[in-house]
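Breakdown of the fold
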Amino acid sequence: MNEPGGSELSATLRRIERAAGALATASVSRMDETLPWFRTLPADQRSWVMLVAQAGARSLVQWLRDGGGTADSTQEVSDEVFAAAPQALARSISLQQTVALIKVTIDVVEEQVSHLAAEGEEQQLREAVLRFSREIAFAAARVYARAAESRGAWDARLQALLVDALLRGDSPDVLASRAAALGWSDAPPVAVAVGRSPGGEVSAVLHTVYRQARRIGVEVIGGVHGDRLVIVLGGAADPVAATGKLLSAFGDGPVVVGPAVPSLDEATESARAALAGFRAAPAWPTAPRPVPAGDLLPERALAGDAEARRRLRHDVYATLVRAGGELLETLDAFFAAGGTLESAARALFVHPNTVRYRLRRIAEVTGFSPLAPRDAFALRVALTVGRLDPVVPVVPSQTMAPGVSKTSQTGDDHRRFL
């Protein structure tokens, strides 16, 4: 191409300048024809694209004047091409879509090269346009990279605030407003997982979480709270299994998953259970990883978790009392006999099959089998918690009415309290 300022180049540049508006209009029209998603954009965003297209035409002229059209030039296109549109456009249109818009615009310009270029400069202008399109793509990538970095830093701060609010038990309105700013769709069910953070930059830790969550198709909000990594999962049918696929994002040690709840509004309950389980998990060295917080009820109760004590008292001990049928007496005898069925039967003066039946009933009504060591431990703690709680007093044997058996009197009194 001729030196900048040459008569032929000057004529080409003047033609491009005069045609800038028409080129932008033709480009937007072509986008509307060939890109279905572009037709769905709001009017204001379509107008922003028009402004960017016009700025691109002006930038092409300036780029050619500055020598960017020569084959050995390293002239870069300024990011100011995209300054014509607000930053909101970068959040509305993806980088891939922006590249598609650039391609359409370049195609339109190439089709007009014969009308834009001075005589004999058609091929040179066509090659320059190709180089210019490459530089425009690089400029777009820089804009999106900066936007992503800024957005990532803001999102990290907002997510940290959301996790902090969740752990503090803030009102649902606070949680909802912060989650909405992050684009959280609140897909049910929602559960909270807690484990140790692997350390390092928080942004790098969360990037690993998000990348893995995208692979398994679940929604996540994460935050590092002290030395703990807290993850809120949404839309995972089995939160424990989903957390198992995110384990590489956590550091060493236990990972505890709180109970699933219908929405983020109720996730404080899941977070409290997960945190209580995380604190109590060292007492169960062989616990699976991840482990549901509900599987740590006995450890949580021993560590002072009031909710765990309430569940063991209400769901296990009180259930046994209400069930009657000498289940409590049988369970006590079974534990006193060291888990030996025949010895428990002799102590109760019943057939071993009767003990077997009662143990199966205990498993049915409580969900814990006395024959399984782990479940037996939970049942022992539940009995202890239930008998220590003054709300459910045990009636001493000396207060029994004449002619009433110990078992029936105790069961009747318990039922009046429960």
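Residues numbered from 1 in each chain as written. Predicted model: local features only at pLDDT ≥ 70, side-chain atom pairs only at ≥ 80, totals over all residues. Heavy atoms only, no water.

As annotated in an unreviewed UniProt entry, the chain carries the name PucR C-terminal helix-turn-helix domain-containing protein and is attributed to Micromonospora echinaurantiaca. Heading Sequence similarities (unreviewed entry) of the UniProt record for the chain holds this comment: "Belongs to the CdaR family." (UniProt positions renumbered as here; feature names shortened; annotations may be inferred.)

**Section: the overall build of the chain**
Scanning the chain from terminus to terminus reveals 18 helices and 5 strands. Burial statistics for the chain: of 418 residues in total, 44% are counted as buried. Within the chain, residue pairs in contact and separated by at least 24 positions form 66% of the contacts whose partners lie at least 6 positions apart. Carbon and sulfur atoms provide 54% of the accessible area of the chain, an area that totals close to 20,600 Å². (Helix = DSSP H or I, 4+ residues; strand = E, 2+ residues; numbered from the N terminus. Buried < 20%, exposed > 50% of the residue type's maximum accessible area, 1.4 Å probe, protein only. Contact = heavy atoms within 4.5 Å. Areas by Shrake-Rupley, 256 points an atom, 1.4 Å probe, with all protein chains shown as cover.)

**Describing helix H17 (residues 373–388)**
Helix length check: H17 (16 residues) gives 23 Å between terminal C-alpha atoms against 22 Å at 1.5 Å per residue, within 8%. Those residues of H17 lying buried are Ala-376, Ala-378, Leu-379, Val-381, Ala-382, Leu-383, Val-385 and Gly-386. Packing partners of the buried residues in H17 comprise helix H12 (297–302), helix H13 (306–323), helix H14 (327–336) and helix H16 (352–366). (Expected span 1.5 Å × (residues − 1).)

**Some thoughts on the confidence of the model for the chain**
Summarising the model, the chain shows a mean pLDDT of 81, and 79% of its residues fall at 70 or more. Long-range and interchain partners of residues 1–8, a stretch whose pLDDT sits below 50, account for 14 contacts in this model, where long-range means more than four residues apart. Note that residues 392–418 has pLDDT below 50 and, in this model, 30 contacts with residues that lie over four places away or in other chains. (pLDDT = per-residue confidence, 0-100.)

**So, unusual backbone geometry**
In this structure, Pro-189 follows Pro-188 across a cis peptide bond, with omega equal to -10 degrees. The residue Pro-189 is located in the loop between helix H8 (172–181) and strand E1 (190–196) in this model. The phi dihedral of Phe-349 falls on the positive side, at around 60 degrees, and the residue is not glycine. With respect to the secondary-structure elements, Phe-349 resides in the loop between helix H15 (341–348) and H16. On the basis of relative accessible area, Phe-349 is assigned to the exposed category, the value being 76%.

**Considering the sheet that holds strand E4 (residues 256–257)**
The 5 strands are arranged E2-E3-E1-E4-E5 in an open sheet whose pairing can be described as mixed. The open sheet has two free edges, formed respectively by strand E2 (219–225) and strand E5 (291–292), since each of these has just one partner strand. Bridging between E1 and E4 involves 2 bridges; their strand directions are antiparallel. Bridge pairing in E4 places Val-194 opposite Val-256. Those strands touched by helix H9 (residues 202–216) are E2 and strand E3 (228–234), and its axis lies near 160 degrees from that of E2. Strands E1, E3 and E4 of the sheet are contacted by helix H11 (residues 267–280), whose axis makes an angle of about 25 degrees with E1. (Pairing = 2+ DSSP bridges. Axes fitted to C-alpha atoms, helices over the stretch in contact; angles between N-to-C directions.)

**Describing the nonpolar core**
Core analysis: the largest hydrophobic core is formed by 29 residues, its most contacted members being Leu-312, Leu-320, Leu-331, Phe-335, Ile-362, Leu-379 and Leu-383. Broken down by secondary-structure element, the contributors of at least two residues to this core are H12, H13, H14, H15, H16 and H17. In terms of nonpolar packing, the next biggest core, distinct from the first, is built from 28 residues, Ala-165, Phe-278, Ala-281 and Trp-284 among them. (Core = buried A, V, L, I, M, F, W, Y, C linked by side-chain atoms within 4.5 Å.)

**Section: the environment of Ser-29**
Residue position: Ser-29 is located in helix H1 (residues 7–34). Ser-29 sits 75 residues away from Val-104 along the chain, and the two C-alpha atoms are 9.9 Å apart.

**Observations concerning H16**
For H16, with 15 residues, the first-to-last C-alpha span of 21 Å sits near the 21 Å given by 1.5 Å per residue. Inspection of H16 places Val-355, Arg-358, Leu-359, Ile-362 and Thr-366 among the buried residues, and these make up the whole buried set. The arc enclosing the buried residues of H16, seen along the axis, measures out at 100 degrees, which places them on a common side. Looking at H16, the residues exposed on the side facing more than 90 degrees away from the buried face are Arg-360 and Glu-364. Packing partners of the buried residues in H16 comprise H13, H14, H15 and H17. (Arc of directions from axis to C-beta.)

**Points about the pattern of salt bridges**
One pass over the full model with this rule turns up 11 salt bridges. Here Asp-305 makes a salt bridge to Arg-300, at a shortest N to O gap of 2.8 Å. Across the pair, Arg-300 and Asp-305 agree in class, each one buried. Between Glu-307 and Arg-310 there is a salt bridge; the shortest N-O distance is 2.9 Å. Taken together, the positions of Glu-307 and Arg-310, both in helix H13 and 3 residues apart, correspond to about one turn of that helix. Judged by relative accessible area, which is 36%, Glu-307 ranks as partly exposed. (Salt bridge = Lys/Arg side-chain N within 4 Å of Asp/Glu carboxyl O.)

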